[in-house]
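Residue-level listing of the chains:
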Amino acid sequence: MAEITFDKTTCIYPGAERPSVDSLDLHIEDGEFLVLVGPSGCGKSTTLRMLAGLEDVSSGTLSIGGRDVTHLPPKDRDISMVFQNYALYPHMSVAQNMGFALKIAKVEKSEIARRVAEAAKILGLTEFLDRKPKALSGGQRQRVAMGRAIVREPQVFLMDEPLSNLDAKLRVQTRAEIANLQRRLATTTVYVTHDQVEAMTMGDRVAVLKDGLLQQVDSPRTMYDRPANKFVAGFIGSPAMNLISLPLHEDGIHFGGSVLAISPEARAAAGGPTVTIGIRPEHLDFHAKHSDKGLPVTFFTVEELGSDGFAYGNMEVEGGGQTPLTVRTFGRESGLRDQTIRVIPRQDELHLFSDVTGERLPD
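Everything numeric here is computed off the predicted structure, so don't read it as measured data. (Residues numbered from 1 in each chain as written. Predicted model: local features only at pLDDT ≥ 70, side-chain atom pairs only at ≥ 80, totals over all residues. Heavy atoms only, no water.)

### Concerning the overall build of the protein chain
Then step 1. When helices and strands are counted, the protein chain shows nine helices and 20 strands.
Then step 2. Considering only C-alpha atoms, the protein chain reaches an extent of 80 × 50 × 35 Å along its principal axes.
Then step 3. Taking all 363 residues of the protein chain together, the buried fraction comes to 47%.
Then step 4. A separation threshold of at least 6 residues defines the contact pool for the protein chain, and within that pool the share at least 24 residues apart is 66%.
Then step 5. Mean positive and mean negative side-chain charge positions of the protein chain (40 and 47 charges, respectively) differ by 9 Å. (Helix = DSSP H or I, 4+ residues; strand = E, 2+ residues; numbered from the N terminus. Buried < 20%, exposed > 50% of the residue type's maximum accessible area, 1.4 Å probe, protein only. Contact = heavy atoms within 4.5 Å. Lys, Arg positive; Asp, Glu negative; His and termini not counted. Charge placed at Lys NZ, Arg CZ, Asp CG, Glu CD.)

### Some thoughts on the nonpolar core
Then step 1. By size, the foremost hydrophobic cluster in this structure holds 40 residues, and its most contacted members are Met 98, Ile 178 and Tyr 191.
Then step 2. Among all residues touching Ile 178, those that are not within four sequence positions of it are Phe 33, Met 146, Met 159, Pro 162, Leu 163, Tyr 191 and Met 202.
Then step 3. The next biggest cluster of nonpolar side chains, apart from the first, holds 28 residues, and it includes Leu 246, Ala 266, Ile 341 and Leu 350. (Core = buried A, V, L, I, M, F, W, Y, C linked by side-chain atoms within 4.5 Å.)

### Brief notes about the UniProt feature "domain: ABC transporter" (unreviewed entry) in the protein chain
Then step 1. If you check UniProt for "domain: ABC transporter" (unreviewed entry), the listed places come out as residues 4-236 in our numbering.
Then step 2. This span, residues 4-236, is 36% helix and 24% strand, and a straight line between its end C-alpha atoms measures 24 Å. (UniProt positions renumbered as here; feature names shortened; annotations may be inferred.)

### So, the pattern of salt bridges
Then step 1. Applying the stated criterion across every chain, the model contains 16 salt bridges.
Then step 2. A salt bridge links Arg 205 to Glu 32, with the shortest nitrogen-to-oxygen separation between them at 2.4 Å. One end of the pair, Arg 205, is in strand E9 (residues 205-210); the other, Glu 32, is in the loop between strand E2 (21-28) and strand E3 (33-37), with 173 residues separating them in the sequence.
Then step 3. A relative accessible area of 23% places Arg 205 in the partly exposed class.
Then step 4. Taking relative accessible area as the criterion, Glu 32 reaches 8% and is therefore assigned buried. (Salt bridge = Lys/Arg side-chain N within 4 Å of Asp/Glu carboxyl O.)

### Some thoughts on helix H1 (residues 44-52)
Because each turn of an α-helix spans 3.6 residues, side chains separated by three or four positions end up pointing in the same direction.
Then step 1. The buried fraction of H1 amounts to seven of the nine residues, a majority that puts the element mostly inside the structure.
Then step 2. Of the positions making up H1, those classed as buried are Lys 44, Thr 46, Thr 47, Leu 48, Met 50, Leu 51 and Ala 52.
Then step 3. Following H1 by one or two positions, Gly 53 has its phi on the positive side, about 85°.

### Some remarks on the sheet that holds E2
Then step 1. Read from one edge to the other, the open sheet built from four strands follows the order E2-E1-E4-E5, with strand pairing classed as antiparallel. The strands lining the two open edges of the sheet, one partner per strand, are E2 and strand E5 (67-68).
Then step 2. With two bridges connecting them, strand E4 (residues 59-64) and E5 associate as antiparallel partners. Bridging across to E5, Ile 64 finds its partner in Arg 67. (Pairing = 2+ DSSP bridges.)

### Some points on the pairing of strand E7 (residues 156-160)
Then step 1. Within E7, five of the five residues are buried, which leaves the element mostly enclosed by the surrounding structure.
Then step 2. The side-chain alternation of E7 yields two buried faces, one formed by Val 156, Leu 158 and Asp 160 and the other by Phe 157 and Met 159.
Then step 3. Bridging between strand E6 (residues 79-82) and E7 involves four bridges; their strand directions are parallel. Residue pairing in the sheet places Ser 80 in a bridge with Phe 157 of E7.
Then step 4. Two strands pair when backbone bridges link them, and E7 and strand E8 (residues 188-193) are joined in this way by five bridges, in the parallel orientation. Each residue of the ladder has a partner; that of Phe 157, found in E8, is Thr 189.
Then step 5. At this point the chain moves from E7, through helix H5 (residues 168-185), to the parallel E8, and the crossover so formed is right-handed. (Right-handed = clockwise from strand over helix to strand, strands pointing away.)

### What about the packing of helix H2 (residues 94-104) against helix H4 (residues 138-150)?
Then step 1. Relative to each other, H2 and H4 sit at 35°, their axes nearing to 7 Å. Between H2 and H4 lies a crossing whose hand is right-handed. When H2 is examined against H4, the residues Val 94, Asn 97 and Met 98 are found in contact with a partner set consisting of Val 144, Gly 147 and Arg 148.
Then step 2. Of the residues contributing to the contact of H2 with H4, the split by class is three nonpolar, two polar and one charged. (Axes fitted to C-alpha atoms, helices over the stretch in contact; angles between N-to-C directions. Left-handed = near helix turned anticlockwise from the far one by under 90°. Nonpolar A, V, L, I, M, F, W, Y, C, P; charged D, E, K, R; others polar.)

### Some words on H2
Then step 1. Within the sequence span of H2, burial applies to Val 94, Asn 97, Met 98, Gly 99 and Leu 102.
Then step 2. Taken together, the buried residues of H2 touch helix H3 (109-123) and H4.
Then step 3. Following H2 by one or two positions, Lys 106 has its phi on the positive side, about 60°.

What follows is the structure, encoded as structure tokens:
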């Protein structure tokens, strides 16, 4: 069993004013694919490096398979790591690169050959085993790096932004390959990325970090449908959720030509005179141009993506200010540019957040 448990695990770099990872509580099931995601500097790579034994744990504990590994050296943790830059030996063949760690560990040659051949077959590298890294494409090199991790048959795979050096098309293809491979091998995997699309499409669960603090850990679908706070709401989803701060009236929130009732529990949790409404671009519908219903939005640009697109504009909010708004459209809607058109939010798809704490308000 290769369960992973972070128990109030903290990492403070020497001279730093605040922890890079602060009291992380996180449990990863055996065989699970967990993605750590967040903006640059949020602590996701530090979390991975602590798990690998490459960074010291300042406080708290860390265990793999029920064994405390908090202060164990990397070689004793039974993990394999795939880095961003492949780190292949240029003078060695693909087969030699994949089997090098086993050679150092004095594994028998026949066993090395067996494991390398097996991994090469899984990764579609059999015909490239005699080639040097310079004769491979970026995607093939990344698969060699994956193969080097696989042959060691570790308890845990650690992957630190392994697709960031690939072009967009190859990145999409390779992320599907990695997710499929992980499911076939059923090896516990912790994957770090700053790309929330990768996180949503690859992981069994996603953990969002910000400033060293865990914001939410959940399945991709639950995180998309019920973000725990404003940060997660704005970070997960492409384009991001629209977030609009509005006054809280006695009868509720005035939005989209109607009044949104708010429960006493939500009103108490709001903690202030305003709340933030969240609405995703695909949950806004266009209304007739001459109607007085909905939200008047002046669009300034449209991204056409073929089958659909996204229109970007500004809308007036209560109090006379303006706020940006993104609306999903059907394809070939370039005529929206420089037009003021009303959009209607779907009332059952609205999210409410406190402007004081940023936390999701109770339904």
